[in-house]
Amino acid sequence: MFHAHAELALFFGLDPHDFPQGIKWKVDGHIVEYDAEMVDHMYEGLDWIRDQLRPGCHLFVEVKVPIERWTFEKGARGTCDIAIIYPRERRILLADWKYGKIAVVAEKNDQLTLYALGLWAKFGKKYFNDDPKDITVDFRLLQPRVPLKGSAWTTTMKKLLKEGESIKIDAKATYEENAPRTAGLKQCQYCRAASTCQALAEFNLKLFALKFEDIDEGYEYDEPPEIQDAHRLTPERRSYVLLHKVMFTRWLELLQKDAMRDFSEGKPVPKMKVVSGRAGIRKFRQKQQLSVILRLISDVGIEEAYKRIMISPAETEKKIGKKRFKERYGDFVEQSPPKPALVPDTDERPSLESKAMLFDIEDTDKQEGEYDG
Ligand code: SF4
């Protein structure tokens, strides 16, 4: 939905404000509203894209490019959000919107690499006579909702074509019967086989120095898994485990989901059962509202029966837009400093000084892994 509005804005030279706000779209099963926040976020990216346009360049928006040559999936195509080709400068710029709140790194990003290869397959001959020599490729991820607002990477078409050959080898291997599976943060993230994949299970268990046999024994004798004492791990091993925390927690969530589904379908979930969990927050039922209101007023008085709560800065900004909010409320807002977050060293934010990290370790314990691979 963000993409569709941005595409229209670029095609017709419109501003994000030109579209009516409040329109709701269904995206991946969720209702998403085109609102003031989205409008503000789109401005920054659109301004940046428009700044990149020069006489003689060619702009492509939401262009489909063929990637079958590298993935071997019949008819596979990728969609480049923004591609600008500068034939005279022998340069290609590829930009991709990421509206999520999780930072994605542009460098050596497989998705972007494949899009650039597809773009080359589609336009290389037309604009560069199929000669990749001296062609610079700039990637830019536009991420309006992450702290650094994006990520960039510059490489050459020649290097990307070379990388394409390795992608081909890896892709071909996946079609072989009993193809070796290599579990990892990136590839397993959205894999549909994740909850049943043996390679991923082995990988996750190895993080805790466990084997399938340990689990079988533990299950049979009702013994808890023997997990290494965390304080005895070397700093390197500790980092390795933490860098894969997201992978492990997602895997556990998938297992839990599968077990719940099996239970609801009457399939075995050995040594486990499903019970009523903690009850939700008590609410007054809608149909009783009038009688409840009358009772409340008579019991506690009208002043006590209702609470008026001031809306938050975020809600105010959503209603009136970023610019007006900054002008009128900028001086009246305070915000607690961001909590230190442990992320991979590939993250583009500068590292904090160790002495700046005198924070409550308890907080970090509760903190969820911010990085998403
Ligand atoms: S879950 Fe298994 S099949 Fe899926 S990407 Fe990971 S290793 Fe490959």
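Student: Would you take a moment to explain the nonpolar core for this structure?
Tutor: One broad rule of soluble globular proteins: the nonpolar side chains tend to lie buried together. Ranked by size, the top nonpolar core spans 33 residues in total, and within it Ile92, Leu94, Tyr115, Ala116, Leu119 and Val137 carry the most contacts. Of all the secondary structure elements, the ones that give two or more residues to this core are α1 (2-12), α2 (36-51), β4 (77-86), β5 (91-97), α4 (110-128), β6 (136-142) and α5 (157-173). If you tally residues by element for this core, the top one is α4, at seven residues. In this structure, this core is formed jointly by two domains, domain 1 (1-51) and domain 2 (54-180), each of which donates at least three residues. With near-sequence residues (within four places) excluded, Leu119 lies in contact with Val65, Cys80, Ala83, Ile92 and Leu94. Membership of the second largest hydrophobic core comes to six residues, among which are Cys188, Phe203, Met247 and Trp251.

Student: Looking at this model, I keep getting lost on the sheet that holds β6. Mind explaining?
Tutor: The strands that make up a sheet pair up through hydrogen bonds in the backbone, lying either parallel or antiparallel. Sheet architecture is open: five strands sit in the order β3-β4-β5-β6-β7, paired in mixed fashion. Among the strands making up the open sheet, the edge pair consists of β3 (58-66) and β7 (150-156). On average, each strand axis in the sheet is inclined to that of its neighbour by 25°, with strand direction left out of account. Direction of pairing for β4 relative to β5: antiparallel, over a ladder of five bridges. Pairing of Ala83 across the sheet is with Leu94, part of β5. Packed on one face of the sheet, α5 meets β6 and β7 and runs near 90° to β7.

Student: What is the right way to read the site of the ligand from this model?
Tutor: Contacts to the ligand come from Arg181, Ala183, Gln187, Cys188, Cys191, Ala193, Ala194, Cys197, Ala199 and Leu200. Residue assignment for the shell around the ligand shows that the elements contributing at least two residues are α6 (185-188) and α7 (198-207). Here the residues of the shell around the ligand are counted per class, giving eight nonpolar, one polar and one charged.

Student: When you look at the environment of Gly100 in this model, what are you seeing that I'm missing?
Tutor: Topologically, Gly100 is positioned in the loop between β5 and α4. Judged by the 11 C-beta atoms lying within 10 Å of it, Gly100 falls in the exposed class. Sequence spacing of Gly100 and Gln143 is 43 residues, and the spatial spacing of their C-alpha atoms is 7.3 Å.

Student: Is there a simple way to think about α2 in this case?
Tutor: Because each turn of an α-helix spans 3.6 residues, side chains separated by three or four positions end up pointing in the same direction. Helix length check: α2 (16 residues) gives 23 Å between terminal C-alpha atoms against 22 Å at 1.5 Å per residue, within 8%. Residues of α2 that are buried include every one of Ala36, Met38, His41, Met42, Gly45 and Ile49, and no others.

Student: Could you clarify how one ought to interpret the packing of helix α13 (residues 313-320) against helix α14 (residues 322-329) in this entry?
Tutor: How two helices sit against one another is set out by the angle between their axes and by the gap between those axes. For the pair α13 and α14, the least separation of the axes is 7 Å and the interaxial angle reads 125°. Here α13 lies oblique to α14, going by the angle between them. The chirality of how α13 crosses α14 is right-handed. Two secondary-structure elements touch here, α13 through Pro313, Thr316, Glu317 and Ile320 and α14 through Lys322, Arg324, Phe325 and Tyr329. A class-by-class count of the residues in the contact of α13 with α14 yields four nonpolar, one polar and three charged.

Student: Honestly, the domain arrangement of the chain in this entry has me stumped. Any pointers?
Tutor: The figure often quoted for interface size is the accessible area lost as the parts come together. Split by domain assignment, the chain resolves into domain 1 (1-51), domain 2 (54-180) and domain 3 (185-264). The straight-line distance from the C-alpha centre of domain 1 to that of domain 2 is 23 Å. With 11 residues of domain 1 in contact, the opposing surface of domain 2 contributes 11 residues. The set of elements that each furnish at least two residues to the side of domain 1 that touches domain 2 consists of α1 and α2. Ranked by residues supplied to the side of domain 1 that touches domain 2, first place goes to α1 with six residues.

Student: I keep staring at unusual backbone geometry and nothing clicks. Help me out?
Tutor: A negative phi angle is the norm for most residues apart from glycine, just as the trans form is the norm for most peptide bonds. Positioned with a positive phi, Phe72 is a non-glycine residue whose angle comes to about 65°. As for its position among the elements, Phe72 is in the loop between α3 (68-71) and β4. The backbone of Asp130 sits at a positive phi, close to 60°, despite the residue not being glycine. With respect to the helices, strands and loops of the structure, Asp130 is situated in the loop between α4 and β6.

Student: Got a minute to help me understand the environment of His58 in this structure?
Tutor: Mapped onto the elements of the fold, His58 is located in strand β3. Setting aside anything within four residues of it in sequence, one finds His58 in contact with Ile84 and Ile85.

Student: I would appreciate a short explanation of the confidence of the model for the chain in the present structure.
Tutor: Residues shown with low pLDDT carry predicted positions that ought not to be read at fine detail. Residues of the chain with pLDDT of at least 70 account for 94%, and the chain-wide mean is 86. Note on residues 364-373: pLDDT is under 50 here. Beyond four places in sequence and across chains, it has 19 contacts.

Conventions and cut-offs
Residues numbered from 1 in each chain as written. Predicted model: local features only at pLDDT ≥ 70, side-chain atom pairs only at ≥ 80, totals over all residues. Core = buried A, V, L, I, M, F, W, Y, C linked by C-beta atoms within 7 Å. Buried ≥ 20, exposed ≤ 12 C-beta atoms within 10 Å, placed from the backbone. Helix = DSSP H or I, 4+ residues; strand = E, 2+ residues; numbered from the N terminus. Domains from an automatic or database assignment. Contact = placed C-beta atoms within 7 Å. Pairing = 2+ DSSP bridges. Axes fitted to C-alpha atoms, helices over the stretch in contact; angles between N-to-C directions. Near = placed C-beta within 6 Å. Nonpolar A, V, L, I, M, F, W, Y, C, P; charged D, E, K, R; others polar. Expected span 1.5 Å × (residues − 1). Parallel < 35°, antiparallel > 145°, perpendicular 65-115°, else oblique. Left-handed = near helix turned anticlockwise from the far one by under 90°. pLDDT = per-residue confidence, 0-100.

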